[in-house]
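Structural features, examined
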Amino acid sequence: MLKLLLAVVVLLIGGTSAINVQSCKNGAPLPLYVDVVGCEKTPCNMVKGTTATINIAFVGDNSKSLYAQTLIAMHGGSILVPLNENVANVCDNLFLGKTCPIAQNEMAVYVMKLDIEPYFPEISPSMQISLNPDRYYPGLNKLFNNLIDVVEPQTSTFLDGTISMGQLLGDLYTKNFFTYKGSLTTPGCSEAVLWHVFPDPLPIAQEHIYKFWDLLDSTGAPLINNYRPVQGVNGRKIYYRVGFKTL
């Protein structure tokens, strides 16, 4: 199972950036190398409103499909960087026309065209790029592949077989998490939920995000920005569990 991640520290002040590849805290393998076209040494120039070409060399493991996801991590949360589907599909953007599956231990280079968006923060965020095979989260894939049947409001569909919690979470590290007594996120927001929130995000393929964007609400509009605003703690106790010990 290939799950390649790299943390790239980017500084976006006055159009100048400093890029440094770092290992990820979950122990995922580093790429063989990362090359930013036009940048011989850091700091590099990554000007907002332009497109950067980033070559990421990695070792294959017979994955039939790979999709890239990019997050900008900052204090207080992460920003998902939407990638066009033709960019997020790693197998369609391999150097010298190489195609998937990439044989075990065979080197390949993903040519990523990353738009440097105007909304990127002008501080030093950490950019995480992950290359994920479909089989990394079989339970989620099963759900996502059926979203096409529930695009219209008040529609439903059936899933064959069963889906385990392990299939939904993949190899997400689940021993550390925040927990608190909270409420539902939909009306009437009843306070009857014991929330467990993992500190690390569960990555999903960019192609699956597009499927969510196709869903419609009762007015026929795209089902987006329908999240509940952040609520106050209101005296709740929030616990953080580390392994088998609760702090």
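Residues numbered from 1 in each chain as written. Predicted model: local features only at pLDDT ≥ 70, side-chain atom pairs only at ≥ 80, totals over all residues. Heavy atoms only, no water.

Among the UniProt annotations of the chain, the heading Subcellular location (unreviewed entry) holds the following wording: "Secreted". (UniProt positions renumbered as here; feature names shortened; annotations may be inferred.)

1. Side note on the state of the cysteines
Each disulfide consists of one covalent bond between the sulfur atoms belonging to two cysteines. With the rule as written, the count across this model stands at 1 disulfide. At a sulfur-sulfur separation of 2.0 Å, the disulfide partner of cysteine 91 is cysteine 100. Between cysteine 91 and cysteine 100, the S-S torsion sits near -90 degrees, and that sign places the bridge as left-handed. Neither cysteine 91 nor cysteine 100 differs from the other in exposure class; each is buried. (Disulfide = S-S within 2.5 Å. Buried < 20%, exposed > 50% of the residue type's maximum accessible area, 1.4 Å probe, protein only.)

2. A word on the packing of aromatic side chains
The final tally for this structure, using the stated rule, is 4 aromatic pairs. Pairing phenylalanine 177 with phenylalanine 198 gives two aromatic rings, centres 6.2 Å apart and planes at 80 degrees, and the pair type is edge-to-face. One end of the pair, phenylalanine 177, is in strand S11 (residues 177–182); the other, phenylalanine 198, is in the loop between strand S12 (193–197) and helix H4 (206–213), and 21 residues separate them in sequence. Ring centres of phenylalanine 178 and tyrosine 240 lie 4.6 Å apart, and the angle between their planes is 35 degrees; on these two criteria the pair is classed as tilted. Residue phenylalanine 178 is located in strand S11, and its partner tyrosine 240 is located in strand S13 (residues 239–242); the two are separated by 62 residues in the primary sequence. (Phe/Tyr/Trp six-rings, centres within 6.5 Å; stacked < 30°, edge-to-face > 60°. Helix = DSSP H or I, 4+ residues; strand = E, 2+ residues; numbered from the N terminus.)

3. With respect to the pairing of S11
The side chains of a regular strand alternate, first on one face of the sheet and then on the other. In this structure, S11 lies alongside S13, joined through 3 bridges in antiparallel fashion. Within S13, the position partnered with phenylalanine 178 by the bridge is tyrosine 240. Judged from the 5 bridges that link them, S11 and S12 form a sheet pairing that is antiparallel. Bridge pairing in S12 links threonine 179 to histidine 196. (Pairing = 2+ DSSP bridges.)

4. Some remarks on the pattern of salt bridges
Pairing of side chains with opposite charge becomes possible as their charged atoms draw close. In the structure shown here, the tally under the stated rule is 2 salt bridges. Its salt-bridge partner being lysine 98, residue glutamate 106 comes within 2.7 Å of it at the nearest N-O pair. Look at glutamate 106 and you get partly exposed, because its relative accessible area is 29%. Salt-bridge contacts for arginine 236 lead to glutamate 191; the nearest nitrogen and oxygen are separated by 3.2 Å. Residue arginine 236 is located in the loop between H4 and S13, and its partner glutamate 191 is located in the loop between S11 and S12; the two are separated by 45 residues in the primary sequence. On the basis of relative accessible area, arginine 236 is assigned to the partly exposed category, the value being 23%. Using a relative accessible area of 64% as the deciding quantity, one classes glutamate 191 as exposed. (Salt bridge = Lys/Arg side-chain N within 4 Å of Asp/Glu carboxyl O.)

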